[in-house]
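Letter by letter, the chains look like this.
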Amino acid sequence: MSEIAIIKTTEGDMTVEFWPEVAPKTVENFKTLVKKGFYDGTCFHRVIKDFMIQGGDPLTKDPAREDVWGTGDPGYKIKAEFNDRSHKRGVLSMARSNHPDSAGSQFFICHGNPDFLDGKYTTFGKVIKGDEVLEKIGTTPTHSPDRPNKRMGVISITLAAAEAGK
């Protein structure tokens, strides 16, 4: 059965389809974290207009720890699954540090078309509904280091049958 993810944010909902045919382990990791409620209560902690919005850090559940946002993970890393899907607006990709196999839970959604990331980050899905929410988050005012002035919260991420998203 094909599944979609519904990302419920403080700004509205985004529906994402997955690409298991090009990044099976990445999709499975994301779905496993979703089922555990790992992302619930986090936020998009890094927003760069016309580039991307980044979330998935468990440390963002605590607003008092803003100084370490962007450093959290699920306690493990996954192997990169670079593929031929390009980084275009709405594409879901894994965030990582300098090492290619350093992704864990953090992800980003392209707000622009940063195709210079192609082959360097694992793309694994795309927003199929809720582009206006991506736009709202992607254009929110920010302060250094690319933090939204107003919390762009992830209330929850849930999985549903792909038919539900059509």
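Residue indices follow the written sequence of each chain, beginning from 1 at its first position. With pLDDT at 70 or above as the cut-off, local features in this predicted model cover only qualifying residues; side-chain atom pairs require 80 or more to be listed or tallied, and sums for whole chains, interfaces and linings still use all residues. Note that water and hydrogens are dropped before the side-chain values are worked out from all heavy atoms of the structure.

Draft legend 1. Region of interest: the pattern of salt bridges. Salt bridge, as used here: a side-chain nitrogen of Lys or Arg that lies within 4 Å of a carboxyl oxygen of Asp or Glu. Taken as a whole, this structure holds 12 salt bridges when the rule is applied. The salt bridge involving Asp73 is made with Lys77; its shortest N-O contact spans 2.5 Å. Overall, Asp73 belongs to the partly exposed group, its relative accessible area being 28%. According to the relative accessible area criterion, Lys77 is partly exposed, its value standing at 45%. When accessible area is computed with a 1.4 Å probe and restricted to protein chains, residues below 20% of their type maximum are described as buried, those above 50% as exposed, and intermediate ones as partly exposed.

Draft legend 2. Local environment of unusual backbone geometry. Of note, the bond from Ser144 into Pro145 is cis; its omega dihedral lies within 30 degrees of zero at -5°. Put simply, DSSP marks the helices as runs of H or I at least four residues long and the strands as runs of E at least two long, and each gets a number from the N terminus on. Along the chain, Pro145 turns up in the loop between β8 (142–143) and β9 (147–148). Backbone geometry places Asp50, a non-glycine residue, at a positive phi of 65°. Structurally, Asp50 is set in the loop between β3 (46–48) and β4 (52–55). A residue is classified by how much of its surface remains accessible, and Asp50, at 52% relative accessible area, is exposed. For Asp146, which is not a glycine, the phi torsion comes out positive at approximately 60°. Its place among the elements puts Asp146 in the loop between β8 and β9.

Draft legend 3. Here's a closer look at the sheet that holds β3. Only strands that DSSP links by at least two bridges are regarded as paired with each other. With antiparallel pairing, the 8 strands of this open sheet are ordered in space as β3-β4-β6-β5-β7-β2-β1-β10. The sheet is open, and its two edges are formed by β3 and β10 (154–161), each paired on a single side. With strand direction ignored, the average angle separating the axes of adjacent strands in the sheet is 25°. Sheet analysis places strand β5 (residues 91–94) next to strand β7 (residues 123–129), joined by 3 bridges and oriented antiparallel. In the sheet register, Val91 faces β7, and the bridge partner there is Lys126. Pairs of residues are marked as contacts when any of their non-hydrogen atoms sit within 4.5 Å. Between the N-to-C directions of two axes lies an angle of 0 to 180 degrees, each axis being a line fitted to C-alpha atoms and, for a helix, fitted only over the stretch in contact. On the sheet, helix α1 (residues 24–35) packs against β1 (3–9), β2 (12–18), β5, β6 (107–110), β7 and β10 and is oriented at approximately 115° with respect to β10. Across the face of the sheet, helix α2 (residues 131–138) comes into contact with β1, β2, β3, β4, β6 and β7 while running at roughly 115° to β2.

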